[in-house]
Every structure is written in structure tokens, then in C-alpha cells.
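# Analysis of the macromolecular model
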Amino acid sequence: MTQTIQLDAELLYTDLLRGVQTLIAATAQPVVLAGITSGGAWLAERLQRELGLPGDAGVISSSMHRDDFAQRGLAMSAQTVLPFDVNGAHVILIDDVLYTGRTLRAVINELFDYGRPASVQLAVLVDRGGRELPIQANVCAATLSLPASQQLELARDDNGRFRFVLENKDL
């Protein structure tokens, strides 16, 4: 069963935008954005444009470094494209929903396949708790608790506006 959750993704995006602006102002240069496929990539693309940052935001996939690769296989989502030099850059990873931390662990492994960044920070739209690894966001627009039987995903309409979709999944 799929339903739209009553959490205003556009309003939270505004909070995320302010948080990322503050993070960039407090971080040495060069700062680059990399969005985690797919929701984080959408957010990073829009942040890049609205913050007036040069070039394109990167897209980073967790699929090659997942600890459940044998069960999931290669995801059909976008693969990693980093249109900047990772070496020495201050990378801000952007994600839609932070949950167990396992996707972030895989993403960090993927990022280091491309070089050695000076620092890595994390900005997320929603932290839903349930961490299995010691990972936390530097910027978080909202925190909420959901049972493990529910999955929260960011969706984007044809006009680029965001909304959340809540799905019940079998455990």
C-alpha cells in the first residue's frame, strides 16, 4: 500500500537549503555537492542551481558497495558521475532520507574510489532514526520516527516539486 505522507517536502527543502548555505559558508573551499541516487541526486541538482554554485552537482550510487549486494543485485538507478576532482575537495553528500546508515557507508566507499576528499559532510531532508551504523547528518531538515515496516521515499513531479511517499513493506 502506497500513500502520501503529510510532511511538506517543499517546506523541508527550504530548511535544507538554508542549512546547506550555512554549511558551505563554514567550510573551506572548494566545496562540491554530490547527491545520493535518486532522491538525494534530485535535491543536490536543485541545491546546486539555487545556490548558484559553478558546474554540476555530482551523483553518487551505493549499488557497487552495498553489504546486501548479493540479495539486491545492481540497482537500476543512476550510476556515479562526479564532474569534479574529489581529491582535496570538501564534499557535501546530499540524501533524502537517512535511516540505518548502510547506504551512506556504501556511498563513502564509492566516493573514496574516486579520490581522497579533504572532508565529507552530510545533509539530509529527513532523519527517520533506526541507525545501525554510527553515522549522523551535519544538517537535517526534519526528524521523525517510523516503524521498520514503513519506507519513506522522496518523489518528484514533472515540475520538479518534491513530495513524500510512504510505503508499507513486508519484513
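About the criteria used
Residues numbered from 1 in each chain as written. Predicted model: local features only at pLDDT ≥ 70, side-chain atom pairs only at ≥ 80, totals over all residues. Heavy atoms only, no water. Helix = DSSP H or I, 4+ residues; strand = E, 2+ residues; numbered from the N terminus. Buried < 20%, exposed > 50% of the residue type's maximum accessible area, 1.4 Å probe, protein only. Salt bridge = Lys/Arg side-chain N within 4 Å of Asp/Glu carboxyl O. Contact = heavy atoms within 4.5 Å. Axes fitted to C-alpha atoms, helices over the stretch in contact; angles between N-to-C directions. Parallel < 35°, antiparallel > 145°, perpendicular 65-115°, else oblique. Left-handed = near helix turned anticlockwise from the far one by under 90°. Nonpolar A, V, L, I, M, F, W, Y, C, P; charged D, E, K, R; others polar. Pairing = 2+ DSSP bridges.

## Thoughts on the environment of Leu152
Tracing the backbone through its elements, the reader meets Leu152 in strand β7 (residues 150-156). With a relative accessible area of 5%, Leu152 lands in the buried category. Remark: the alpha-carbon pair of Leu152 and Glu167, spanning 15 residues in sequence, is separated by 6.5 Å.

## Some thoughts on the pattern of salt bridges
Two side chains bearing opposite charge may form a pair once their charged atoms approach each other closely. Scanning the model with the defined rule gives 7 salt bridges in all. Where Arg156 meets Glu45, a salt bridge forms, and the shortest distance between an N and an O atom there is 3.8 Å. Remark: Glu45 occurs in helix α2 (residues 39-50) and Arg156 occurs in strand β7; sequence separation between them is 111 residues. Across the pair Glu50 and Arg46 runs a salt bridge whose closest N-O atoms are separated by 3.1 Å.

## As for the side chain of Glu110
Tracing the chain through its elements places Glu110 in helix α4 (residues 102-113). Apart from the residues lying within four places of it in its own chain, the contact partners of Glu110 are Ile60, Ser61, Met64, His65 and Thr80.

## Re the packing of helix α1 (residues 9-25) against α2
The geometry of α1 relative to α2 is characterised by a closest axis approach of 11 Å and an angle of 60° between their N-to-C directions. Between α1 and α2, the crossing angle belongs to the class labelled oblique. Our pair here, α1 against α2, has a crossing hand that is right-handed. Note on element contacts: α2 touches α1 through Leu43, Arg46, Leu47 and Glu50, opposite Glu10, Tyr13, Leu16, Leu17 and Val20. Residue classes in the contact of α1 with α2 are distributed as 6 nonpolar, no polar and 3 charged.

## Brief notes about the pairing of strand β8 (residues 162-168)
As paired elements, β7 and β8 share 7 bridges and run antiparallel to each other. Its bridge partner lying in β8, Glu153 is registered against Val165. The loop that links β7 with its antiparallel partner β8 comprises 5 residues; one of these, Gly160, has a positive phi angle of about 85°.

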